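Listed below, chain by chain, are the residues.
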Amino acid sequence: ILYLCHPAVLTLTRYDRAYNNNLRDTLFTYLMHDRSISETSRKLFQHRNTTIYKINQIQEMVNDDLENPYTRHQLILSCMIIRYLERCQHASIDLLPVDNRLLRRPSL
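The structure contained in this document is the topic of the report that follows. (Residues numbered from 1 in each chain as written. Predicted model: local features only at pLDDT ≥ 70, side-chain atom pairs only at ≥ 80, totals over all residues. Heavy atoms only, no water.)

1. What to know about the packing of helix 3 (residues 37-44) against helix 4 (residues 48-62)
In the contact formed by helix 3 and helix 4, the axes pass within 9 Å of each other and the chain directions differ by 110 degrees. Taken together, the axes of helix 3 and helix 4 lie roughly perpendicular to each other. For the pair formed by helix 3 and helix 4, the contact residues are Ile37, Thr40 and Ser41 on the first element and Arg48, Thr51, Ile52 and Ile55 on the second. A breakdown of the residues in the contact of helix 3 with helix 4 according to their chemical character gives three nonpolar, three polar and one charged. (Axes fitted to C-alpha atoms, helices over the stretch in contact; angles between N-to-C directions. Helix = DSSP H or I, 4+ residues; strand = E, 2+ residues; numbered from the N terminus. Parallel < 35°, antiparallel > 145°, perpendicular 65-115°, else oblique. Contact = heavy atoms within 4.5 Å. Nonpolar A, V, L, I, M, F, W, Y, C, P; charged D, E, K, R; others polar.)

Here it is in C-alpha cells:
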C-alpha cells in the first residue's frame, strides 16, 4: 500500500523519525485547511512563524508544486494512508533507509 504514497510524504516521514519532528502532520494540516498559515498554526498550537518555517522546509523537501490541485490531493491521500497504517492498524511502517543527503536538514 505504500506504493500508492507520494515519495515526498515518505521522505517527510523518514525525516520526522530521524529528527523527531512533525513535518508530515504540518503538511497534512496545511493542505486540509486550504494552505492557510493562520489556521494551520491554530490547529497545531504553534506560533505562526514556526508554521511558516516548517512549510518552507516542507516545500524544499517536497520539491513539487503545492499550487497544483492534483499534487495536493496526492499528498493528502498519502498522508492519510500513512496515518491510517500508524494509528488504526498499529502497524510499524518499515521505510527503507535512504541516502543521508535526502534526510539532511534543509538550509533556508
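2. Topic: the side chain of Thr40
Locating Thr40 in the fold gives a position in helix 3. Residue classification places Thr40 among the buried positions, given a relative accessible area of 0%. Excluding its chain neighbours within four sequence positions, the residues that come into contact with Thr40 are Thr26, Thr29, Tyr30 and Thr51. (Buried < 20%, exposed > 50% of the residue type's maximum accessible area, 1.4 Å probe, protein only.)

3. Concerning the packing of aromatic side chains
Counted under the stated rule, the structure contains one aromatic pair. When the ring of Tyr15 is compared with that of Tyr19, the centres are 4.8 Å apart and the planes differ by 45 degrees; the resulting orientation is tilted. With a gap of four residues between them, Tyr15 and Tyr19 both fall in helix 1 (residues 7-19), about one helical turn apart. For Tyr19, a relative accessible area of 30% translates into the label partly exposed. (Phe/Tyr/Trp six-rings, centres within 6.5 Å; stacked < 30°, edge-to-face > 60°.)

4. So, helix 1
With 13 residues, helix 1 extends 18 Å from end C-alpha to end C-alpha; this agrees with the ideal 18 Å at 1.5 Å per step. Looking at helix 1, one finds that the buried residues are Ala8, Val9, Leu10, Thr11, Leu12, Thr13, Arg14, Tyr15 and Asp16. Each element contacted by the buried residues of helix 1 is listed here: helix 2 (23-32), helix 4 and helix 5 (69-88). In the stretch just after helix 1, Asn20 is the one whose phi turns positive, near 50 degrees. (Expected span 1.5 Å × (residues − 1).)

5. Considerations on the pattern of salt bridges
Scanning the entire structure with this criterion turns up five salt bridges. Arg83 serves as the salt-bridge partner of Asp25, at 4.0 Å between the closest nitrogen and oxygen. Taken together, the residues span a long stretch of sequence, with Asp25 in helix 2 and Arg83 in helix 5 at a distance of 58 residues. Look at Asp25 and you get partly exposed, because its relative accessible area is 22%. Notably, a salt bridge pairs Glu39 with Arg42, separated by 2.6 Å at the nearest N-O pair. With Glu39 and Arg42 both in helix 3 and three residues apart, this pair spans about one turn of that helix. Residue Glu39 is classed as partly exposed on the basis of its relative accessible area, which comes to 24%. (Salt bridge = Lys/Arg side-chain N within 4 Å of Asp/Glu carboxyl O.)

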